[in-house]
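# Topology and contacts: notes
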Amino acid sequence: MAEGAALRAVRDCLAAFPREARELGLVESVPYLDRPPSPLEFYREWVSPNKPCIIQNAIGHWPALKKWTLTYLREVVGSKVVSVAVTPNGYADAVFQDRFVMPEERRMPFMDFLDIVEKKVTSPNVFYVQKQCSNLTEEFPELVCDVQPDIPWMSEALGKKPDAVNFWLGESAAVTSLHKDHYENLYCVISGEKHFLLHPPSDRPFIPYELYQPATYRVSEGGSFEIVDEKTVDKVPWIPLDPLNPNLEQYPGYAQAKPLQCTVKAGEMLYLPSLWFHHVQQSHGCIAGSGPYPGLIDLYGSGGGLVEYRASLLASRGFVTLALAYMAFEDLPAMPEILELGYFEEAVNFLRKQQQVKDTAIGVLGLSKGADLALSMATFLPGIKAAVSISGSGFNSFIPLRGDGFTVHPHPYDLGRMKASEESGLVDFTDILDDHRDPATWDCRIPMERSLAKFLFLSGLDDANWKSDLYCQDAVQRLQQYGRKVEFYSYSGAGHLLEPPYFPLCRASMHKVLGVFVQWGGQWREHAKAQDDAWHRIQAFFWQHLMDLNLPKSSL
């Protein structure tokens, strides 16, 4: 009891500490100095109290501010081979797919790197000169004469010259994940802007750390990225949270943290004290926007409405995701007489036009009725590269789908074949659809063999809503008859509602459109394992086929 009380007291103190630190003088925003401070002033006002500041008019005399255009850098550094960090998504040294992933360190001619920055050469990957062991003096000595290798008033205040002087140049898609350094930093911006999100060390109780297997991006023989574990290296403690889009359900404590945000412009410098957490983005005059990222359209089942939680989770994993309602939402009827393919095409075009979306990397996933709509979109609409069917069917179900000059009729069904349990009142729909092997139903098939998209099918063997495993097997067999390679995973003990991991099993609920209680099936342990495995497979599938990145596919 005494030990428990002591632990609670420690936790209470840790929870109160950030608030008390702010009350004792932590800044609400990053202040500006209109001139460089004296060494004594700098140490007394900023270093000693561990406070950041943005300093103006401190590097205006540096030749680099006028000389460092991309043309000048090309002339001075030229074809010299330098180290460039390359990633598929802009995140180097960051948590991805339950690993701490470091970039591929590629040796390449500097002018080839500049061709990519200036968009003279296109690449789906993100390139960033960021090597830190004093790369300005080690790799770019030609540029040292354009800057000061140390800041005199800072060197005097700290009693030493800098341990490293680094040079960073890259695309706006390059992002530095949230982390802290154990040394004092001065960021001097020569061109463009850097956007910082900061946390004081006192916010540490609210910032999650976890241990991760270290890994590195490597380019395979086929040219796509894969993640290779560094098996001889100990696990790395890192922050899994994206402060720009925090998952507060998973990390509720972060809601109590108080980030500061600031933008450092050309000619300014940011003093960032040791142990301050920082997340960094950048812009550049030659680069517009961020990304590009793969785009997904997310569809749920015949219960209708706008379901956004899965789309939100996918967005937090690097996918620009549009949750799309198609029935029983706002002015959309609860049970449409017909669905128009043009409605879904409009959604695809809308997603493709978004600045952050790679317009050649569009995928779609759906659950139940949404699954056959996903297959139809991948079949009839151009530009869909990958589709995931969860507890779905290779037949169009329940509502006719009308395209340009054709209509796919629904799989015939008879509600008279549904069964209701006398004990529970729950409705069983498993027998309402006509036998899919009957040739009379085949004009309701979705002709997936016409599609160029890649397909992933997921189903549960304990689906109590309909025979999704049987219908998925039929779809897979039809595709294989046309020589198509298909991914298909069937989970013993899993029910109909295969949701993201840690969502509780829902074995039965009210169907909002039909107004009856229906069974979904699933066994507690088996369904939970299936959800975790399926979630990994879905993400790996889309990264592979939308961005040519090979990731571990299974958690089992």
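Residues numbered from 1 in each chain as written. Predicted model: local features only at pLDDT ≥ 70, side-chain atom pairs only at ≥ 80, totals over all residues. Heavy atoms only, no water.

### Details of the sheet that holds strand β28 (residues 454-460)
Through backbone hydrogen bonds, the strands of a sheet pair up, either in parallel or in antiparallel fashion. One open sheet holds the six strands; their spatial order is β20-β19-β22-β23-β28-β29, and the pairing between them is parallel. A single partner strand is all that each edge strand has here, and the edge strands are β20 (320-323) and β29 (487-491). Adjacent strand axes in the sheet meet at a mean angle of 15 degrees, parallel and antiparallel pairs treated alike. In the sheet, strand β22 (residues 357-367) pairs with strand β23 (residues 384-390) via six bridges, with the strands oriented parallel. For G363, the partnering residue across the bridge sits in β23 and is A386. Helix α11 (residues 468-481) contacts β23, β28 and β29 of the sheet and is inclined by roughly 155 degrees relative to β28. (Pairing = 2+ DSSP bridges. Helix = DSSP H or I, 4+ residues; strand = E, 2+ residues; numbered from the N terminus. Axes fitted to C-alpha atoms, helices over the stretch in contact; angles between N-to-C directions. Contact = heavy atoms within 4.5 Å.)

### Things to note about the nonpolar core
In terms of nonpolar packing, the biggest core is built from 81 residues, with F110, F113 and F542 touching the most fellow members. For this core, the element with the most residues is helix α12 (residues 524-547), which contributes nine residues. Apart from residues lying up to four places away in sequence, F113 is in contact with V84, M108, F127, Y128, V129, L169 and G170. In this structure, L324, M327, F455 and A475 belong to the second largest nonpolar core, which totals 36 residues. (Core = buried A, V, L, I, M, F, W, Y, C linked by side-chain atoms within 4.5 Å. Buried < 20%, exposed > 50% of the residue type's maximum accessible area, 1.4 Å probe, protein only.)

### Overview of the packing of aromatic side chains
If you walk through the whole model with that rule in mind, you get 23 aromatic pairs. Members of the aromatic cluster, connected to one another through ring pairs, are W68, F110, F113, F140 and F167. Lying across the ring of W442, R445 places its NZ or CZ 4.2 Å from the centre. Here the guanidinium or amino end of R537 rests over the ring plane of Y489, the centre of that ring lying 3.7 Å away. (Phe/Tyr/Trp six-rings, centres within 6.5 Å; stacked < 30°, edge-to-face > 60°. Lys NZ or Arg CZ within 6 Å of the ring centre and 35° of its normal.)

### Looking at the pairing of strand β6 (residues 99-102)
Pairing of strand β5 (residues 94-96) with β6 involves three bridges; the strand directions are antiparallel. The partner of F96 across the bridge, within β6, is R99. In this antiparallel pair of consecutive strands, β5 and β6, the connection spans two residues, and Q97 shows a positive phi of 55 degrees. The pairing of β6 with strand β13 (residues 210-219) spans four bridges and is classified as parallel.

### A few points about the confidence of the model for the chain
Fine structural detail should not be taken from predicted coordinates in areas where pLDDT scores are low. Confidence along the chain averages 87 in pLDDT terms, with 95% of residues attaining 70 or more. Per-residue pLDDT stays below 50 along residues 284-291; that stretch engages in 20 contacts with residues further than four places along the chain or on separate chains. (pLDDT = per-residue confidence, 0-100.)

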